[in-house]
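Fold and geometry: a report
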Amino acid sequence: MAVEKRNPIPVKEAIHRVVQQEIYLNQIEVNLDESLGYILAEDIVATYDIPRFNKSPYDGFAIRSEDSAGAYSENRKQFKVIDHIGAGSVSSKTLGQNEAVRIMTGAQIPEGADAVVMFEQTVEDGDTFTIRKSFEANENVSLKGEETTTGDIVLKKGQVINPGAIAVLATYGYTKVQVTRRPSIAVIATGSELLDVNDDLQPGKIRNSNGPMIKALSEKIGLNVEAYKIQQDDLESSIAVVKDAMSKHDIVITTGGVSVGDFDYLPEIYKAVNAKVLFNKVAMRPGSVTTVAVANGQYLFGLSGNPSACFTGFELFVKPAVQHMMGATAYYPQVVKATLMEDFTKANPFTRFIRATANFSQSGATVVPSGFNKSGAVVAIAHSNAMIMLPGGTRGFKAGHTVNVILTESNVFETEMTL
Ligand code: AMP
Ligand code: MG
């Protein structure tokens with residue numbers, strides 16, 4: 001069989017082709033307390049002003065600022081306390097001249113008052129106190145509507161519901177929220193050399209690490225995953241299993257069998273399910289054979305069997321596709337700059353992705369390859385929080401060069417306190 005000629009396309013173009021598909025999931029309504037991580041399918045508007053009333057940001061006394069005019073250390077002004085309210089209470093009194101209401105943080109400013117004196121700024125004596133500085137109107141007052149006014153769009157359709165958004169939704173009394181459903185994922189590891197994690201090793205065989213890794217990568221972004229059993233390099237049964245996966249899941253991710261070897265059946269499987277291949281060669285290392293196809297309004301990701309290529313393919317193509325089909329406004333990988341701390345002299349015409357450890361210290365961002373980094377490497381993935389992205393070309397890269405980095409882990413902690 002003649003080896004099919006494949007045209008490598010730039011990584012950027014490949015990602016573009018993935019997110020240009022008009023593949024979107026339907027909207028559902030979820031309860032606020034299960035909405036974390038979903039993408040909003042509607043704008044959220046402020047249903048009232050925040051603050052809803054002028055309120056005190058401190059524990060202290062509400063006064064009429066005009067009564068404090070001219071106060072200084074040798075000319076203290078005295079106030080009489082006529083009421084005492086905590087947060088949640090409203091005073092029924094209206095302040096007269098030189099009167100004050102003892103007020104706690106969050107409580108509504110009483111009628112007549114327009115400033116708050118903090119306890120620390122007073123000398124108390126029975127039901128009176130004195131102050132030694134004058135206050136301006138609205139000093140120490142959180143004004144009605146200073147954060148948002150009724151009708152403001154406070155969260156936008158397409159943004160992710162993070163803990164802050166949960167707080168906003170709770171504030172305005174949204175008990176339910178319209179979001180886009182999450183895709184369900186089928187993971188199929190293909191390769192007649194593969195063993196399960198609980199199988200004994202045999203000559204010529206290796207354990208399937210990509211399947212569990214893809215499942216974990218998917219679960220880390222909140223997706224439900226069905227891990228299929230290892231699929232032998234056999235065309236007929238491979239077609240059947242991919243069809244089954246397509247009938248049950250939104251996305252089918254396979255690893256292996258995507259190359260031009262004698263038993264690499266993925267191209268034929270895609271033909272059998274009438275898939276439109278978006279690309280089958282990307283100008284990148286590792287994972288140049290990564291293939292993405294679309295069939296029946298579903299994404300089919302053919303990731304390389306090489307563990308690091310498989311990981312890279314998930315980060316570069318699966319993640320943006322998932323974000324996009326969930327209606328997110330932002331779906332491209334975030335790229336930051338960092339100083340390369342080691343020479344990387346191996347030149348290559350293709351863009352190279354290297355599993356790496358990025359560090360953002362006070363002195364700036366640095367990045368270093370995270371160990372043995374051939375495309376078959378597994379251990380380096382575990383020690384990485386980033387991928388260095390070196391543009392293709394004839395030159396190598398030296399320590400001290402500024403390079404592009406894609407962060408692959410959030411929630412990174414330090415072994416030492418750097419606060
Ligand atoms: P392939 O993409 O099928 O040509 O496989 C490329 C390389 O990745 C070969 O060395 C395979 O043995 C290895 N490989 C394939 N599938 C997996 C897997 N699920 N876990 C770990 N290594 C794999
Ligand atoms: Mg294979």
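Parameters and conventions
- Each chain carries its own residue numbering, running from 1 in the direction its sequence is written.
- The naming scheme follows written order: chains are lettered A onward, ligands numbered 1 onward.
- The model is predicted, so local features are restricted to residues of pLDDT at least 70 and side-chain atom pairs to those at 80 or more, both for listing and for counting; the totals for chains, interfaces and linings are taken over all residues.
- Side-chain metrics in this entry use all non-hydrogen atoms of the structure; hydrogen atoms and water are not considered.
- Starting at the N terminus, helices and strands are each numbered in turn, a helix being any DSSP run of H or I of at least four residues and a strand any DSSP run of E of at least two.
- Just to be clear, the radius of gyration here is over C-alpha atoms, and the globule rule we use is 2.2 Å times residues to the power 0.38.
- Only protein chains enter the accessibility calculation, which uses a 1.4 Å probe; a residue whose area is less than 20% of its type maximum is buried, one above 50% is exposed, and one in between is partly exposed.
- Residue contacts are defined here by distance: any two heavy atoms, one from each residue, within 4.5 Å place the two residues in contact.
- Accessible surface is estimated by sampling points in the Shrake-Rupley manner with a 1.4 Å probe; for residues, cover comes only from the protein chains shown.
- What makes a nonpolar core is a set of buried Ala, Val, Leu, Ile, Met, Phe, Trp, Tyr and Cys residues whose side-chain atoms join them at distances within 4.5 Å.
- Comment: arc refers to directions from the helix axis out to C-beta atoms.
- Nearness is judged by heavy atoms alone; a residue qualifies as near a molecule or strand once a single heavy atom is within 4 Å of it.
- Polar contacts, as counted here, are pairs of nitrogen or oxygen atoms within 3.5 Å of one another; within protein the pair requires one atom able to donate a hydrogen and one able to accept it, and residues that are adjacent in sequence qualify only if both atoms are side-chain atoms.
- Ten residues, namely Ala, Val, Leu, Ile, Met, Phe, Trp, Tyr, Cys and Pro, are considered nonpolar, four, namely Asp, Glu, Lys and Arg, are considered charged, and the remaining ones, Gly among them, are considered polar.
- Between rings of Phe, Tyr and Trp, where Trp is taken as its six-membered ring, a pair exists when centres lie within 6.5 Å; planes separated by under 30 degrees are stacked, by over 60 edge-to-face, and by other angles tilted.
- Between any two strands, pairing holds if DSSP finds at least two bridges.
- Inter-axis angles, ranging from 0 to 180 degrees, are taken between N-to-C directions of lines fitted to C-alpha atoms, where helices are fitted over the stretch in contact.
- UniProt positions are given in the numbering used here, feature names are shortened, and annotations may be inferred rather than shown by experiment.
- Should an angle fall under 35 degrees it is called roughly parallel, over 145 degrees roughly antiparallel, and 65 to 115 degrees roughly perpendicular, with every other angle called oblique.
- Working rule for handedness: look at the near helix, and if it is turned counterclockwise from the far one by less than a right angle, call the crossing left-handed; if clockwise, right-handed.
- Put simply, the grid is 1 Å and covers the protein atoms alone, a cavity is a trapped set of points that fit a 1.4 Å probe, a pocket is an open set with protein on both sides within 12 Å along at least five of seven lines, and lining residues have an atom within 4 Å of a point.
- Grid points are joined across faces, edges and corners, and a volume is the space filled by probe spheres set on the points.
- Expected helix span is given by 1.5 Å per residue-to-residue step, counting one fewer step than there are residues.
- Note on bend: at a given residue it equals the angle between the axes fitted to the 7 residues ending there and to the 7 starting there.

**Topic: the overall build of the protein**
In terms of helices and strands, the protein carries seven helices and 24 strands. For the protein, the C-alpha radius of gyration of 31 Å lies well beyond 22 Å, the compact-globule estimate for 419 residues. Expressed as lengths along the three principal axes of its C-alpha atoms, the size of the protein is roughly 100 × 50 × 40 Å. Per-residue burial for the protein yields a buried fraction of 46% across its 419 residues. Put simply, 72% of the contacts in the protein that link residues at least 6 apart link residues at least 24 apart. Working note: accessible area of the protein is about 21,200 Å², and carbon and sulfur atoms make up 50% of it.

**Concerning the nonpolar core**
By size, the foremost hydrophobic cluster in this structure holds 42 residues, and its most contacted members are Ile253, Phe279, Tyr299, Phe301, Leu316 and Phe317. Looking at this core element by element, the count peaks at nine residues for helix α6 (residues 307-325). Sequence-distant contacts of Ile253, that is, excluding residues within four places in its chain, are made with Ile185, Ala186, Val187, Ile188, Ile214, Phe301, Leu303, Phe314 and Val318. Counting 21 residues, the second-largest nonpolar core is a separate cluster that includes Tyr228, Ala245, Val258 and Ala275.

**A few points about helix α1 (residues 11-19)**
Taken as a whole, α1 has its buried residues at Val11, Ala14, Ile15, Val18 and Val19. Along α1, the residues classed as buried sweep out an arc of 125° about the axis, all on the same side. Residues of α1 that are buried make contact with β16 (276-279), β17 (284-285), β18 (291-295), β19 (298-303), α6 and β21 (351-361).

**A word on the site of ligand 1**
Near ligand 1 you find 14 residues, and of these Glu193, Asn208, Ser209, Gly257 and Gly305 are the closest. The side chain of Glu193 places a nitrogen or oxygen atom 2.6 Å from an oxygen atom of ligand 1. Between an oxygen atom of ligand 1 and a main-chain N or O atom of Asn306, the distance comes to 3.2 Å. Isolated, ligand 1 exposes 480 Å² of accessible area, and the fraction of that covered by the protein chains is 77%. The residue makeup of the shell around ligand 1, split by class, is three nonpolar, nine polar and two charged.

**Remarks on the packing of aromatic side chains**
Scanning all chains against the criterion turns up seven aromatic pairs. With centroids separated by 4.0 Å and ring planes inclined at 20°, the aromatic side chains of Phe61 and Phe129 adopt a geometry described as stacked. Here Phe61 is found in strand β3 (residues 60-63), whereas its partner Phe129 is found in strand β8 (residues 128-131), with 68 residues between them in sequence. Both residues of the pair, Phe61 and Phe129, belong to the buried class.

**Some details on the sheet that holds strand β15 (residues 251-255)**
The mixed open sheet is built from six strands, whose spatial order is β14-β11-β15-β19-β18-β16. Each edge of the sheet is formed by a strand with only one pairing partner; in this case those strands are β14 (224-227) and β16. When strand polarity is set aside, the average angle formed by the axes of neighbouring strands in this sheet is 20°. Along the sheet face, α6 touches β15, β16, β18 and β19 and points at about 170° away from the line of β19.

**A closer look at the UniProt feature "domain: MoaB/Mog" (unreviewed entry) in the protein**
Taking the UniProt record as the reference, the feature "domain: MoaB/Mog" (unreviewed entry) is found at residues 186-324. The distance separating the terminal C-alpha atoms of residues 186-324 is 18 Å; by composition the span is 36% helix and 24% strand.

**Topic: the packing of helix α3 (residues 210-220) against α6**
Close contact between α3 and α6 brings their axes to 10 Å; oriented N to C, the two are set at 20°. By the angle between their directions, the pair α3 and α6 is classed as roughly parallel. Of the two possible hands of crossing, α3 and α6 adopt the one that is right-handed. Where α3 approaches α6, its residues Asn210, Met213, Ile214, Leu217 and Ser218 are matched on the opposing element by Pro307, Cys310, Phe311, Phe314 and Glu315.

**Some details on the packing of α1 against α6**
For the pair α1 and α6, interaxial distance at closest approach is 9 Å and the crossing angle is 30°. Classed by the angle they form, the pair α1 and α6 counts as roughly parallel. Every pair of crossing elements has a handedness; the one defined by α1 and α6 is right-handed. Here α1 contributes Val11, Ala14, Ile15, Val18 and Val19 to the contact with α6, which in turn contributes Leu316, Phe317, Pro320, Ala321 and His324.

**Things to note about the layout of surface pockets**
One number sums up the size of the largest pocket: a volume of about 900 Å³. If you go around the largest pocket, you meet 28 residues; those closest to its centre are Ile221, Lys319, Gln323, Leu407 and Ser410. Taken together, the residues of the lining of the largest pocket sort by class into 14 nonpolar, nine polar and five charged.

**Digging into α6**
Under the 1.5 Å per step criterion, the end-to-end length of α6 is 26 Å for 19 residues, consistent within 8% with the ideal 27 Å. Considering bend angle alone, the principal kink of α6 is centred on Phe314 and spans about 35°. Within α6, 17 of the 19 residues are buried, leaving the element largely enclosed by the surrounding structure.

**Brief notes about the side chain of Ser91**
Its location among the elements puts Ser91 in the loop between β4 (77-85) and β5 (99-103). At 2.6 Å, the side chain of Ser91 forms a polar contact with the side chain of Asp83. One polar contact links the side chain of Ser91 to the main-chain amide nitrogen of Lys93, over a distance of 3.1 Å. Every residue in contact with Ser91, bar those within four places of it in the chain, is listed here: Asp83, Ile85, Val101 and Pro110.

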